[in-house]
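Observations on the model geometry
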Amino acid sequence: DMLSCCRGYILAREKAELHIDRPVASAYKVLTPDNFVEGTFSWWQKSASDTTNRIVIEWVDPSGHYERSSAPFDWAEDIQRRGIIERKFSLLGLTDAAQVGRMGAYLLETARGVVDFCSFSVGLQDADIEAGDVIAISYPDFTGWDQKWFRVLSAKDRGSDDTVEIACAEYSSNVYSDAGLPVPTPNPGTPPRNYDDVYSLTLTDVGDLGADGAWVP
């Protein structure tokens, strides 16, 4: 849970490494149908029901006595068209409103801009591809893609046949903008105040005195 507050993940093969989901300047590799194990390539697009238009982040607000707070971030135009499709993220390691705003922008832009997904298997010549890598895929005859960038979500070794099964999601540089969204500030309102003087209050404690002298309420 703590790693999700900074878009971090653990990559474990020969050793465990901490990585951060961050923008890249170039793709690690370019793959074409010649790289795919025959019959393993498939691709799909995210359905409308899986496309979130409201992100709610639960975080800890120091200005609110370190209580749990919720910050909603809306894709207003899509909400008007389709109604609210909400997803909640519990990121209680976040305690800074600016960071909450940046994470809200990242998650909302991911929901809006990451549409294409694919999976395939590769041979040993491409077994160096790991989760987190950004690769370019060209498959114009089937998908129309010409070096379209994808982020590798997983790379699973299949020791039985010396292949690696890879799953990818569309790479969008827009999700890495440092421009955060405004974080709504809850308005607790003004509690009512009683200006009347109060006199002659009587407090009564109800209970019994036990045989051992202990008072039992």
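Relevant structure appears above.
The following paragraphs examine the structure supplied in this document. No experiment lies behind these values; they were computed from the predicted model shown.

Moving on: the overall build of the chain. Counting its regular elements, the chain contains 2 helices and 13 strands. Against the 2.2 N^0.38 benchmark of 17 Å for 217 residues, the chain shows a C-alpha radius of gyration of 27 Å, more extended than a compact globule. Each principal axis of the C-alpha distribution contributes one length, and for the chain these read about 90 × 50 × 30 Å. The proportion of buried residues among the 217 residues of the chain is 34%. Sequence separation of 24 or more characterises 65% of the internal contacts of the chain that already satisfy a separation of 6 or more.

Among the nonpolar cores identified, the biggest contains 20 residues, and Ile 57, Phe 73, Leu 94 and Val 100 are the most heavily contacted of them. Among the elements of the structure, strand 5 (54–61), strand 6 (67–74) and helix 2 (97–113) are those that each provide at least two residues to this core. The dominant element in this core, judged by the number of residues it contributes, is helix 2, at 5 residues. Among residues more than four places away in sequence, those in contact with Phe 73 are Asn 53, Arg 54, Ile 55, Ile 57, Val 100, Gly 101, Gly 104, Leu 108, Leu 181, Pro 182 and Val 183. Ile 129, Val 152, Ile 166 and Cys 168 belong to the second-largest nonpolar core, a separate cluster that totals 16 residues.

Moving on to the pattern of salt bridges. Summed over the entire model, instances satisfying the criterion amount to 13 salt bridges. Between Asp 126 and Lys 29 there is a salt bridge, with its nearest N and O atoms 2.9 Å apart. Taken together, the residues Asp 126 in the loop between strand 8 (116–122) and strand 9 (134–139) and Lys 29 in the loop between strand 2 (16–20) and strand 3 (30–31) connect sequence positions 97 residues apart. This pair shows no difference in class: Asp 126 is buried, exactly as Lys 29 is. Residue Lys 88 pairs with Glu 58 through a salt bridge whose shortest N-O separation is 4.0 Å.

Across the sheet, which stays open at both edges, the 3 strands sit in the order 6-5-7 with mixed pairing between neighbours. Since the sheet does not close on itself, it has two edges, and those belong to strand 6 and strand 7 (86–90), each with one partner. Taking each pair of neighbouring strands and ignoring which way they run, the sheet shows an average axis angle of 25°. Alignment of strand 5 against strand 7, held across 5 bridges, turns out to be parallel. The residue bridging Ile 55 from the neighbouring strand is Arg 87, located in strand 7. This element, helix 2, spans strand 5, strand 6 and strand 7 of the sheet and lies at about 160° to strand 5.

What follows concerns a nonpolar patch on the surface. There is a patch of nonpolar side chains on the surface, built from Leu 3, Ile 10 and Leu 18 and spanning about 280 Å² of accessible area. Owing to a relative accessible area of 53%, Ile 10 belongs among the exposed residues under this scheme.

In this model, Gln 147 sits at a positive phi of 55°, which is unusual for a non-glycine residue. You will see that Asp 162, though not glycine, has its phi angle at about 60°, which is positive. Structurally, the position occupied by Asp 162 is in the loop between strand 10 (145–158) and strand 11 (163–170). Among the residues examined, Asp 162 registers a relative accessible area of 47% and is labelled partly exposed.

Let's shift gears to the packing of aromatic side chains. Per the counting criterion, the structure on display carries 14 aromatic pairs. On the basis of an interplanar angle of 20° and a centroid distance of 6.0 Å, the ring pair of Phe 41 and Phe 120 is categorised as stacked. You can see Phe 41 sitting in the loop between strand 3 and strand 4 (42–45) and its partner Phe 120 sitting in strand 8, a full 79 residues away along the chain. Of the two residues, Phe 41 and Phe 120, neither departs from the other in class, the shared state being buried. Note on Trp 43 and Trp 145: the rings are 5.3 Å apart at their centroids and 70° apart in plane angle, and the pair reads as edge-to-face. Highlighted residues: Trp 43 in strand 4 and Trp 145 in strand 10, separated in sequence by 102 residues. Chaining the aromatic ring pairs together yields one cluster made of Phe 36, Phe 41, Trp 43, Phe 120, Tyr 139, Phe 142, Trp 145 and Phe 150. Positioned above the aromatic ring of Tyr 106 is the side chain of Arg 7, whose terminal nitrogen or guanidinium carbon lies 4.7 Å from the ring centre. Here Arg 112 stacks its cationic end above the ring of Trp 75, 5.3 Å away from the centre of that ring.

About the thresholds
Residues numbered from 1 in each chain as written. Predicted model: local features only at pLDDT ≥ 70, side-chain atom pairs only at ≥ 80, totals over all residues. Heavy atoms only, no water. Helix = DSSP H or I, 4+ residues; strand = E, 2+ residues; numbered from the N terminus. Rg over C-alpha atoms; globule rule 2.2 N^0.38 Å. Buried < 20%, exposed > 50% of the residue type's maximum accessible area, 1.4 Å probe, protein only. Contact = heavy atoms within 4.5 Å. Core = buried A, V, L, I, M, F, W, Y, C linked by side-chain atoms within 4.5 Å. Salt bridge = Lys/Arg side-chain N within 4 Å of Asp/Glu carboxyl O. Pairing = 2+ DSSP bridges. Axes fitted to C-alpha atoms, helices over the stretch in contact; angles between N-to-C directions. Patch = residues over 30% accessible without salt bridge, like charges linked within 9 Å, V, L, I, M, F, W, Y side chains within 5 Å. Areas by Shrake-Rupley, 256 points an atom, 1.4 Å probe, with all protein chains shown as cover. Phe/Tyr/Trp six-rings, centres within 6.5 Å; stacked < 30°, edge-to-face > 60°. Lys NZ or Arg CZ within 6 Å of the ring centre and 35° of its normal.

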